[in-house]
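# Per-entry structural report
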Amino acid sequence: MYAQNVDTGVTRLRSKDELSDAEREFQDRIDNDIRIEPKDWMPEGYRKTLIRQISQHAHSEIVGQLPEGNWLTRAPSLKRKLILLAKVQDEAGHGLYLYSAAETLGVSRDEMQDALHTGKAKYSSIFNYPTLTWADIGAIGWLVDGSAIINQVPICRCSFGPYARAMVRVCKEESFHQRQGFDIMMTLAQGTPEQKQMAQDSLNRWWWPSIMMHGPRDEDSVNSAQSMEWKIKLFTNDELRQKFIDQTVPQAEYLGLTIPDPDLKWNEETGHYDYGEPNWDEFWQVLKGHGPCNRERLQARVDAHENGAWVREAAVAYADKQAAKRSTAVSQVA
Ligand code: BYC
């Protein structure tokens, strides 16, 4: 993953007195929970921040199909294969809703895809890790989709209408994904000692990447302050990370699996789990394109795009023929 080089123009949070009349009116709408729609006036920074986040989100859904797609032909039963196929197809659908939501902001699908294929656009760090065993499919559903739900349920209430509405259906589907992942983990955890060990190994490998998936610590999150002011984000990265940990630890206990964090401890005073520090150096390395699978993931997307060129060409040729037929029909009527 490489630097996206998107200059959203947002350098620091300005006080209301420093805003222009139009910006103040816009901020008042946000403060009063009035949704912003594509045809409404919006500050350029708001538009660019949304394009950045929604397109990254769309790319994550699309690239996110790859680690799981790896196990479609090796699922342990027909039933598991059907469920996984449905899940991977859902992710493609999520990508499409999100690209459509971003297009309402004036960016084209081609521009967004080009940014992904040339390595300019980011996508979630989590998808740069390999799926080595079937248990990883369980861990992804349980931990990665679990994280996604915690992040995305608040986005259903974000300030931009098309993004908020797209998230409603996405969250319903993510909830099925999380359940299917937990179900795989439960089957393995209650299976033979080897199967239980397989589940534990995959928890060991996916725990920290899932913790880091929520983004950098709040003090290193350059976009949070402005995004929260604009209600593009409703909670900070650390708040969502804590929520994920508090929700997931009892689930791991139920499975009889151990979370690989020696510092994980219930804190009576705060009413939350304390947890250890993730390896942030690893996180930033993955973002710079040096994760275990960055190259492979990007190449797979570029190959898919190139191999699909004939479909796009055929669709354009068909659309041109239809348009020509329509214009002949119109000129005959006239
Ligand atoms: N990976 O200022 P910050 C899914 C970047 S799909 C990569 O905190 P922000 C699923 C960040 O972009 C899951 N990059 O940023 C799919 C920024 O760089 P830029 C995807 C990351 O935006 C298929 C810089 O670090 N979910 O679950 O305020 C199968 C500083 O960060 C990451 C979404 O996209 C990361 N993990 O907050 C299964 C949800 N974290 O852009 C499952 C929507 C941070 O300035 N997105 N960066 O160059 C969000 O909620 C926010 O964008 C984030 C980051 C919380 C992710």
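In what follows, the structure referred to is the one given above.
I will try to describe carefully the structure that is included in this document. As the structure is a prediction and not an experimental result, all values here were calculated from the model. (Residues numbered from 1 in each chain as written. Predicted model: local features only at pLDDT ≥ 70, side-chain atom pairs only at ≥ 80, totals over all residues. Heavy atoms only, no water.)

All right, on to the site of the ligand then. With respect to spatial proximity, 34 residues lie near the ligand, and among them Gln56, Lys122, Ser221, Lys233 and Asn237 are the closest. The separation between a nitrogen atom of the ligand and a polar side-chain atom of glutamine 53 is 3.5 Å. Within the side chain of glutamine 56, one N or O atom sits 2.8 Å away from an oxygen atom of the ligand. If the ligand stood free it would expose 1,000 Å²; the protein chains cover 92% of that surface. Contributing elements (two or more residues each) for the shell around the ligand: α2 (44-63), α4 (78-103), α6 (135-155) and α11 (280-290). Among the residues forming the shell around the ligand, the class breakdown is twelve nonpolar, 14 polar and eight charged. (Near = heavy atom within 4 Å. Polar contact = N/O pair within 3.5 Å; in protein donor to acceptor, adjacent residues only side chain to side chain. Areas by Shrake-Rupley, 256 points an atom, 1.4 Å probe, with all protein chains shown as cover. Helix = DSSP H or I, 4+ residues; strand = E, 2+ residues; numbered from the N terminus. Nonpolar A, V, L, I, M, F, W, Y, C, P; charged D, E, K, R; others polar.)

Summed over all chains, the structure comprises 17 salt bridges. We note a salt bridge from glutamate 44 to arginine 47, for which the minimum N-O separation is 2.7 Å. On the criterion of helical spacing, the pair formed by glutamate 44 and arginine 47 is a turn pair, its members being three residues apart in helix α2. Lysine 87 is the salt-bridge partner of glutamate 91, the closest N and O atoms lying 2.9 Å from each other. One end of the pair is glutamate 91 and the other is lysine 87, both in helix α4 and four residues apart, which spans about a single turn. Several salt bridges converge on common partners, so that one network encompasses Glu68, Lys87, Glu91 and Asp145. (Salt bridge = Lys/Arg side-chain N within 4 Å of Asp/Glu carboxyl O.)

Moving on, we get to α11. What α11 keeps buried is the set Trp280, Phe283, Val286, Leu287 and Gly289. Contact partners of the buried residues in α11: α8 (193-212), α10 (237-255) and α12 (294-307). Capping of α11 at its N-terminal end is provided by asparagine 279; its side-chain oxygen lies 3.2 Å from the backbone amide nitrogen of aspartate 281. (Buried < 20%, exposed > 50% of the residue type's maximum accessible area, 1.4 Å probe, protein only. Contact = heavy atoms within 4.5 Å.)

A few words now on the side chain of arginine 301. The topology assignment puts arginine 301 in helix α12. The charged side chain of arginine 301 is buried without a salt bridge, its nearest counter-charge being aspartate 303 at 10 Å. Leaving out residues up to four positions away in the same chain, arginine 301 has contacts with Ile62, Val63, Leu66, Leu116 and His117. (Lys, Arg positive; Asp, Glu negative; His and termini not counted.)

Turning next to the environment of lysine 120. Positionally, lysine 120 belongs in the loop between α5 (109-117) and α6. The spacing of lysine 120 and valine 302 is 182 residues in sequence and 13 Å in space, taken between C-alpha atoms.

Attention now goes to the nonpolar core. Formed by 73 residues in total, the largest nonpolar core has its most connected members in Tyr46, Ile54, Phe160 and Tyr163. The biggest single contributor to this core is helix α7 (residues 161-189), with ten residues. (Core = buried A, V, L, I, M, F, W, Y, C linked by side-chain atoms within 4.5 Å.)

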